[in-house]
Amino acid sequence: MDLLHSWGVELAVHLQTRYSHYESWFCLASSVADLHFTFFCWFPIWFYLQKDAGLRLIWVAVIGDWLNLVLKWVLFGERPYWWVHETLFYKPDPAPALKQFPITCETGPGSPSGHAMGAAGGWCVMMTALLTIAAEKQCPPLLFKLLHAALWVLMVLLELLVRLSRVYMAAHFPHQVIAGVFSGVLVAEVVSKATRIYSASMRTYFYTTLLLTSLAVGFYVLLKVLGVDLLWTLEKAQRWCVRPEWVHLDTTPFASLLRNMGTLFGLGLGLHSPLYTETRRTSAVFRAGCVTVSLLLLQLLNVWTFSSGNHMTFYFLSFTKSAAAALIPTVAVPVVLRWISKGKRCNKTL
């Protein structure tokens with residue numbers, strides 16, 4: 001593995017040296033590929049554009065990131081930014097100099113890449129949804145084929161940019177991002193075929209959240225009993241990150257797990273709330289208003305940060321914030337906008 005890792009470090013050094021003027025693009029690609037962007041941006045848009053696609057986005061993201069967590073615990077993947085300092089591969093010569101960035105010092109194991117996995121799964125869902133919309137609009141066959149080819153090319157280019165960005169940031173080795181892409185596509189294909197997710201009951205949401213959380217915690221406890229320290233990467237991140245403030249608790253495996261479970265549980269609460277009503281038959285103007293207001297409120301919610309001093313409190317608030325992020329577009333915003341529009345109609349009749 002040292003030889004494979006050394007090739008990845010060489011590529012990272014090459015990218016950081018030759019393409020440093022594209023640093024902002026690499027940072028943007030990593031940010032957009034984060035599941036946080038899916039939950040706070042893509043989901044509200046797709047929920048009102050095509051509800052089933054919005055539901056698929058959440059289920060694919062949650063199941064995929066849960067699988068990513070388990071795989072990381074099993075595969076024990078290194079990350080470039082700490083591997084270059086600890087390996088004996090370069091001895092007695094000095095190790096290559098890798099730059100670090102504010103989003104470099106993630107605290108979990110490195111394989112497979114969660115960003116590449118989440119982006120691949122999410123973009124597969126969105127690409128399929130766009131093709132479905134085109135088919136429903138009875139798009140001409142030739143135009144449909146051109147659209148299909150264009151979307152595939154766009155997806156490949158975007159995934160390539162995400163892969164390069166993760167290597168450029170010294171957060172992943174190339175083989176880790178490749179594994180993430182294939183895993184993400186596989187999860188999207190499997191989960192999208194599960195038609196029960198479109199009509200899942202509140203009980204299904206609750207027990208799925210409980211099951212996934214219990215399995216992850218149980219697996220952690222089991223390996224802990226067997227003498228395996230699954231938090232070994234946190235010490236490495238704290239030791240080798242050039243700036244302590246770049247090591248964030250919200251990149252730990254448990255923070256990611258509870259964020260995802262909060263999102264799934266919040267989606268279930270929203271869909272099965274007594275206040276929830278279908279928006280499919282509402283006007284395009286109303287749906288556009290829901291998307292706009294939802295995005296604005298979610299950006300305000302995103303400003304809410306909390307101290308990581310107490311881990312249990314931090315994890316609970318992460319769960320709560322994620323649940324709220326799902327409740328806002330599904331039930332809170334449409335209810336308020338309907339109430340406002342009804343008030344205006346009443347005033348006009350008077």
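Keep in mind that what you see is a predicted model, and the values were worked out from it rather than measured.

S.K.: Explain helix 8 (residues 174-192) to me, please; I cannot follow it from the model alone.
M.R.: An α-helix turns once per 3.6 residues; consequently, residues spaced three or four apart project the same way. Between its terminal C-alpha atoms helix 8 stretches 27 Å, which fits the 27 Å expected from 19 residues at 1.5 Å a residue. Where helix 8 is concerned, the buried positions are Q176, V177, G180, V181, S183, G184, V187, A188 and V191. The secondary structure elements touched by the buried residues of helix 8 are helix 4 (51-75), helix 6 (114-136) and helix 7 (141-168).

S.K.: Would you mind going over a nonpolar patch on the surface with me for this structure?
M.R.: Residues M1, L3, L4, W7 and F89 make up a contiguous nonpolar surface patch of about 530 Å² in total accessible area. Relative to the helices and strands, F89 resides in the loop between helix 5 (80-86) and helix 6.

S.K.: Quick question: what am I supposed to make of the packing of aromatic side chains here?
M.R.: To describe a pair of aromatic rings, you give the distance between the ring centres and the angle between the ring planes. Taken as a whole and judged by the stated rule, the model has 23 aromatic pairs. Geometrically, the ring pair formed by Y220 and F254 is edge-to-face, given 5.0 Å between the ring centres and 80 degrees between the ring planes. Of this pair, Y220 sits in helix 9 (residues 202-225) while F254 sits in helix 11 (residues 253-271), and the two are 34 residues apart along the sequence. Of the aromatic side chains, those joined through ring pairs into one cluster are W73, F219, Y220 and F254.

S.K.: How should the packing of helix 2 (residues 23-33) against helix 7 be read in this particular structure?
M.R.: Axes are the key here: two packed helices are described by the angle between their axes and the distance separating the axes. Packing of helix 2 against helix 7 leaves a shortest axis separation of 8 Å and a crossing angle of 110 degrees. Of the possible angle classes, the one that applies to helix 2 and helix 7 is roughly perpendicular. Between helix 2, through E23, F26, A29, S30 and A33, and helix 7, the contact on the second element is made entirely by L161, V162, L164, S165, R166 and Y168. Classifying every residue of the contact of helix 2 with helix 7 by side-chain character gives seven nonpolar, two polar and two charged.

S.K.: I keep staring at the state of the cysteines and nothing clicks. Help me out?
M.R.: Counted by the stated rule, this structure contains one disulfide. Disulfide pairing places C105 opposite C241 at an S-S distance of 2.1 Å. With the S-S dihedral at roughly 85 degrees, the linkage between C105 and C241 falls on the right-handed side. With C105 in the loop between helix 5 and helix 6 and C241 in the loop between helix 10 (232-240) and helix 11, the pair connects residues that are 136 residues apart, well separated along the chain. Both residues of the pair, C105 and C241, count as buried. The structure places no disulfide on C27, whose sulfur is separated from the nearest cysteine sulfur, that of C105, by 13 Å. A relative accessible area of 23% places C27 in the partly exposed class.

S.K.: Any chance you could explain unusual backbone geometry here in plain terms?
M.R.: For residues besides glycine, phi is generally negative; the peptide bonds are generally trans as well. Following K91, the chain continues to P92 via a peptide bond in cis, the omega torsion being 5 degrees. Along the chain, the position of P92 falls in the loop between helix 5 and helix 6. The omega angle of the peptide bond from S111 to P112 is -5 degrees, so this bond is cis rather than trans. Unlike most non-glycine residues, F76 shows phi in positive territory, near 55 degrees. Mapped onto the elements, F76 comes out in the loop between helix 4 and helix 5. With phi around 55 degrees, Q138 is a residue other than glycine that occupies positive phi space. Positionally, Q138 belongs in the loop between helix 6 and helix 7. Judged by relative accessible area, Q138 falls into the exposed class, the value being 71%.

What counts and what doesn't
Residues numbered from 1 in each chain as written. Predicted model: local features only at pLDDT ≥ 70, side-chain atom pairs only at ≥ 80, totals over all residues. Heavy atoms only, no water. Helix = DSSP H or I, 4+ residues; strand = E, 2+ residues; numbered from the N terminus. Expected span 1.5 Å × (residues − 1). Buried < 20%, exposed > 50% of the residue type's maximum accessible area, 1.4 Å probe, protein only. Contact = heavy atoms within 4.5 Å. Patch = residues over 30% accessible without salt bridge, like charges linked within 9 Å, V, L, I, M, F, W, Y side chains within 5 Å. Areas by Shrake-Rupley, 256 points an atom, 1.4 Å probe, with all protein chains shown as cover. Salt bridge = Lys/Arg side-chain N within 4 Å of Asp/Glu carboxyl O. Phe/Tyr/Trp six-rings, centres within 6.5 Å; stacked < 30°, edge-to-face > 60°. Axes fitted to C-alpha atoms, helices over the stretch in contact; angles between N-to-C directions. Parallel < 35°, antiparallel > 145°, perpendicular 65-115°, else oblique. Nonpolar A, V, L, I, M, F, W, Y, C, P; charged D, E, K, R; others polar. Disulfide = S-S within 2.5 Å.

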